[in-house]
Amino acid sequence: MNLIKSAARTVLPSKGALFLSLVSAAAMLSAAAETPAAIPTIQIKADQVATKSSPSLYGLMTEEINFSYEGGIYGELIRNRTFKANPTNAIYWSAVNGSISLDTNQPLNSALDVSLKLDIKGASKSRPVGIANDGYWGIPVQPNTTYHASFYAKGDNFSGPLTVILFHIASTNAQTIKPGGAEFHLGGMMFPIASATVSKISGDWKKYEVTLTTGDIQPSKENQLVISATKAGSFFNHHGTVWFQQVSLFPPTYVDRANGNRPDLMKMLADMRPAFLRLPGGNYLEGDYINERFDWKKTIGDISQRPGHRSPWNYWSTDGFGLMEYLHWCEDLHMEPLLAVFAGYALKHDYIKPGADLAPYVQDALDEIEYITGDTNTTWGAARARDGHPAPFPLHYVEIGNEDWFDRSGSYDGRFAQFFNAIKAKYPQLQLIATAKVKSVTPDLLDEHYYRSQEEMEAHAHDYDRYPRAAKTKIFVANGPPASAVRHRTWLVRSAMPRGCSAWNAIPTSCCSPATRRYS
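Residues numbered from 1 in each chain as written. Predicted model: local features only at pLDDT ≥ 70, side-chain atom pairs only at ≥ 80, totals over all residues. Heavy atoms only, no water.

Assigned secondary structure in the chain consists of eleven helices and 22 strands. Here the chain, with 520 residues, has 50% of them falling under the buried criterion. Considering only contacts in the chain between residues 6 or more positions apart, those separated by 24 or more positions represent 74%. Carbon together with sulfur atoms contributes 55% to the accessible area of the chain, which is approximately 25,300 Å² in total. (Helix = DSSP H or I, 4+ residues; strand = E, 2+ residues; numbered from the N terminus. Buried < 20%, exposed > 50% of the residue type's maximum accessible area, 1.4 Å probe, protein only. Contact = heavy atoms within 4.5 Å. Areas by Shrake-Rupley, 256 points an atom, 1.4 Å probe, with all protein chains shown as cover.)

As a further point, take the sheet that holds strand β11 (residues 206-213). Pairing between the strands of a sheet comes from backbone hydrogen bonds, and it takes one of two forms, parallel or antiparallel. Pairing within the open sheet is antiparallel, and its five strands lie in the order β3-β4-β13-β6-β11. Each of the sheet's edge strands pairs with one partner strand only, and the pair in question is β3 (99-103) and β11. Geometrically, the sheet is characterised by an average inter-axis angle of 35 degrees between neighbouring strands, direction not taken into account. In terms of strand pairing, strand β6 (residues 146-156) meets β11 through eight bridges, oriented antiparallel. From the neighbouring strand, A153 faces β11, where its bridge partner is K206. (Pairing = 2+ DSSP bridges. Axes fitted to C-alpha atoms, helices over the stretch in contact; angles between N-to-C directions.)

So, on to the side chain of D364. You can see D364 is positioned in helix α7 (residues 359-373). Once residues within four sequence positions are removed from consideration, D364 is found in contact with R293, W296 and K297.

By the definition in use, this model includes two cavities of 30 Å³ or more. Its boundaries defined by the atoms lining it, the largest cavity holds a volume of some 120 Å³. Elements with a minimum of two residues in the lining of the largest cavity: β17 (336-341) and α7. Residues that form the lining of the largest cavity fall into these classes: nine nonpolar, no polar and four charged. Of the volumes computed, that of the second largest cavity is approximately 60 Å³. Lining the second largest cavity we find Y254, R257, N259, G260, N261, M266, F321, E325, H328, W329 and D332. The biggest single contributor to the lining of the second largest cavity is helix α6 (residues 323-332), with four residues. Here the residues of the lining of the second largest cavity are counted per class, giving four nonpolar, four polar and three charged. (1 Å grid on protein atoms, 1.4 Å probe; cavity = no way out; pocket = protein on both sides within 12 Å on 5 of 7 lines; lining within 4 Å. Points joined across faces, edges and corners; volume = space filled by probe spheres on them. Nonpolar A, V, L, I, M, F, W, Y, C, P; charged D, E, K, R; others polar.)

The biggest cluster of nonpolar side chains holds 64 residues, and the ones touching the most others in it are W329, I400, F419 and I423. Tallying contributions element by element places α7 first for this core, with seven residues. Those residues within four positions of W329 in sequence are excluded, and the remaining contacts are T62, Y69, I73, N261, M266, L269, L277, F321 and M335. Ranked by size, the runner-up nonpolar core spans 38 residues in total, among them A90, W93, A153 and F158. (Core = buried A, V, L, I, M, F, W, Y, C linked by side-chain atoms within 4.5 Å.)

We now examine the packing of α7 against helix α9 (residues 412-426). Geometry of a packed helix pair, given as the angle between the helix axes and the separation of the axes. Two elements in contact, α7 and α9, have axes whose closest approach is 10 Å; the angle formed by their N-to-C orientations is 35 degrees. As for how α7 packs across α9, the hand of that crossing is right-handed. Judged by residue contacts, A359, Y361, V362, A365, L366, I369 and E370 of α7 engage Q418, F419, A422, I423 and K426 from α9. Among the residues making up the contact of α7 with α9, the classes are represented as nine nonpolar, one polar and two charged. (Left-handed = near helix turned anticlockwise from the far one by under 90°.)

Bringing the pattern of salt bridges into the picture now. Enumeration according to the criterion identifies 20 salt bridges in this entry. Close ionic contact of E292 with R310 constitutes a salt bridge, the shortest N to O distance being 2.9 Å. You can see E292 sitting in the loop between α5 (283-286) and β15 (309-310) and its partner R310 sitting in strand β15, a full 18 residues away along the chain. A salt bridge links R466 to D463; the shortest N-O distance between them is 3.4 Å. By relative accessible area, R466 is classed as exposed at 63%. The network of salt bridges with common partners includes R257, E331 and D332. (Salt bridge = Lys/Arg side-chain N within 4 Å of Asp/Glu carboxyl O.)

The grouping of W405, F406 and Y451 at the surface amounts to a nonpolar patch, some 320 Å² of accessible area in total. For W405, the position within the fold is in the loop between β18 (397-400) and α9. Taking relative accessible area as the criterion, W405 reaches 38% and is therefore assigned partly exposed. (Patch = residues over 30% accessible without salt bridge, like charges linked within 9 Å, V, L, I, M, F, W, Y side chains within 5 Å.)

Turning our attention to the packing of aromatic side chains. Under the criterion given, the structure shown has 25 aromatic pairs. Considering the side-chain rings of F151 and Y208, the 5.7 Å spacing of their centres and the 35 degrees angle between planes classify their relative orientation as tilted. One end of the pair, F151, is in strand β6; the other, Y208, is in strand β11, with 57 residues separating them in the sequence. Pair check on accessibility: F151 and Y208 agree, each one buried. Relative to W380, the ring of W296 has its centre 5.1 Å away and its plane inclined at 65 degrees; by these criteria the two rings are edge-to-face. Taken together, the positions of W296 in the loop between α5 and β15 and W380 in helix α8 (residues 379-386) put the pair 84 residues apart, joining distant regions of the chain. Grouping aromatic residues by their ring pairs yields a cluster made of Y69, Y74, F250, Y284, F294, F321, Y326 and W329. In this arrangement the basic side chain of R79 is found over the ring face of W137, its NZ or CZ atom lying 4.4 Å from the centre. The ring of F342 carries the charged tip of R293 above its face, separated from the ring centre by 5.5 Å. (Phe/Tyr/Trp six-rings, centres within 6.5 Å; stacked < 30°, edge-to-face > 60°. Lys NZ or Arg CZ within 6 Å of the ring centre and 35° of its normal.)

Purely spatial values, then, with no claim about function.
Here is the structure:
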């Protein structure tokens, strides 16, 4: 107890001392109030260049993930428009008062080698029979807007008409409605907001096109496209059949480009003012297997001749958004393509051995570069002209492969060298990017591709301050999505880290994947 009392006496001031302390503190506060602190200022001397950075420093990287192309930036509103998303079922399609099935005996062509068969037996004006599609989680529709619908069709014991209708789904409760006396059972309360008629259907495959113009309606995505018949067949045979292929619905597109992109998303990307677009993606370039790679020659020309392919993100790509559409994307946003070419490696660890086996893929890359940059007197430059773009596109950078550090075979060094030597021999002006460190040749750039958390990005913010300025291999900063990408601060850090690159000349270019999500 004595020790406690003693300690208390040593730390507690007397009343007099406490009063003096309070008076002194009050005097100090009064003096501070009389002398205001200086307001800090920041002076920006924009006319004084401290260092130079590359004009192509900031760009975009793109990937077909989470339906970012089809169902996202690509204008197409119909999901599974070619009926190839599932080999046995017409997923995302439903029958209206009838039955539908996939039919491989009535292909449109060798590329679109299946069709949707509609049995129209029992169709009448009071009970139309047809097909319906809900789009990608709905079909977004705006008031006073014209939509372009098209499809290939052929009939047997049926010559038309077909009615194309946009329905608004006002309720999901199953009810029967009778617009204009016609009876529809579509699983909910619906009413038509735009319609058009194709008066005659041929017995051979033919493309049909109509426009659907909405009135003064509320914007919504709870809409459905229906194509229906009101006749069961011909005069002599009341059991008719209609086959469909490539059923399409497009809204107005950015700069009114045919087979183009959504204006809202394009405007957001345009506001970022990117210098380039790395295309056609990362994993999407490789595919899970070699035969599921981005095979660019199958993505150009008439969209009805594009077979499509399975994406590594487990959904179907019709390839309506193909190589030319990427190049249009670049042209419309005044940015250059940064081309990634398939380099003989797929995500499930399939790879092509360097040498004779790899040679056809090297030639594919050379042909692709020629398609983009060649004169019209070249084979692939002429093909580009036939596709509607006689003028060549600018191209300065080509990336060979994607994330090849995943290749456990150790084949990338040889694969890269084979591509590097062939491309440099024909296009010495191109800057070639390696996706992993190689020893056999010296790449112009190395892709340092990040998957980091916000804390890691912060910790590495000054990495490039220590990179040799005179290094022969420059750096392409292609940072991927960090582990905590849903947190806003992470995106700020992702944006901040490459800014450390702009202070010197070792990094001529960098890009990031835009933090976008699919929405209607």
